[in-house]
Amino acid sequence: PGMGRDVEKVSPTRDPLATAVLMLFVGLIMVIVGSGAIQIVVVFAGVMMIVVGSSYVSRGVRSNDTMRLALGAVLAVIGLLLVVATGTMTTLLMIIVALFLMVLGVLAIVGNLDAGNRRRNTALAVGIVLIVLGVLLLVYPNATSDTFIRVLGVVMVLVSALSVYSYIR
């Protein structure tokens with residue numbers, strides 16, 4: 001019972017600090033490794049999806065929740081595909097990352113519309129950068145050059161560092 005609850009506690013959807021730390025970690029890998037980081041990130045994402053998916057499956061079985069059971073099974077299968085078919089899944093993952101970045105950008109802007117000027121301006125800048133990066137990734141999902149991946153990594157490190165800073169402050 002402990003592990004499922006622990007995974008849920010640091011779920012990126014529940015804890016903005018966990019999201020920022022995860023982005024920082026992924027961003028650093030991208031900056032250091034360059035285009036080779038894609039495979040690492042794909043496998044890491046796959047493993048995380050398998051862990052979360054199996055946690056959902058076990059909770060779905062215990063609580064007779066077919067929706068949670070189905071979602072867990074789907075997540076686990078997608079995670080397994082990411083781990084096994086890394087090359088094939090890279091383009092798909094880049095599209096998912098693009099959409100994720102765009103959603104994060106919109107959320108950063110919308111979530112801080114009523115904040116103070118400095119925070120709102122920071123959120124606006126971060127949001128616009130994330131949306132632009134997302135659009136670029138959608139337009140060029142195979143743009144996995146070292147330079148592009150390192151730039152994306154730097155942006156992720158900066159965005160996550162800002163998030164951690166604003167979270168702690």
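See the structure above.
Here is a short report on the structure shown in this document. (Residues numbered from 1 in each chain as written. Predicted model: local features only at pLDDT ≥ 70, side-chain atom pairs only at ≥ 80, totals over all residues. Heavy atoms only, no water.)

Quick look at the overall build of the protein
As a reminder of what qualifies: Only runs of H or I of at least four residues qualify as helices and only runs of E of at least two qualify as strands under DSSP, and these elements are numbered from the N terminus. Throughout, exposure labels follow a simple rule: accessible area from a 1.4 Å probe, protein chains only, divided by the maximum for the residue type, with under 20% read as buried, over 50% as exposed, and the rest as partly exposed. What makes two residues a contact is simply this: any of their non-hydrogen atoms within 4.5 Å. Residue exposure ignores everything except the shown protein chains as possible cover, and the areas themselves are Shrake-Rupley values with a 1.4 Å probe.
On a plain count of helices and strands, the protein comes out with seven helices and zero strands. From first element to last, N terminus to C terminus, the protein shows the α and β order α-α-α-α-α-α-α. In the protein, which comprises 169 residues, the share counted as buried stands at 34%. Considering only residue pairs separated by 6 or more positions, the protein has 69% of its internal contacts joining residues 24 or more positions apart. As presented, the protein carries roughly 9,800 Å² of accessible surface, and 73% of it is formed by carbon and sulfur atoms.

Thoughts on the nonpolar core
Applied cut-off: Residues belong to a common nonpolar core when they are buried Ala, Val, Leu, Ile, Met, Phe, Trp, Tyr or Cys residues joined through side-chain atoms within 4.5 Å.
Among the nonpolar cores identified, the biggest contains 25 residues, and Met30, Leu137, Ile149 and Leu152 are the most heavily contacted of them. When contributions to this core are tallied by element, the ones reaching two or more residues are α2 (16–33), α3 (37–63), α5 (86–111), α6 (117–139) and α7 (146–168). Ranked by residue count, the leading element in this core is α7, at six residues. Residues contacting leucine 152, with those up to four places away along its chain left out, are Met30, Leu101, Leu133 and Leu137.

Focus: a nonpolar patch on the surface
Our working rule: For patch detection, residues must exceed 30% relative accessible area and be free of salt bridges, and they are connected within 9 Å for like charges or within 5 Å for nonpolar side chains (Val, Leu, Ile, Met, Phe, Trp, Tyr). By definition here, a salt bridge exists when the distance from a side-chain nitrogen of Lys or Arg to a carboxyl oxygen of Asp or Glu is within 4 Å.
Among the surface-exposed residues, Leu99, Leu124, Ile128, Val132, Val135, Leu136, Leu138, Val139 and Tyr140 lie close enough to one another that they form a single nonpolar patch of about 760 Å² accessible area. Residue contributions to the nonpolar patch peak at seven residues, all from α6.

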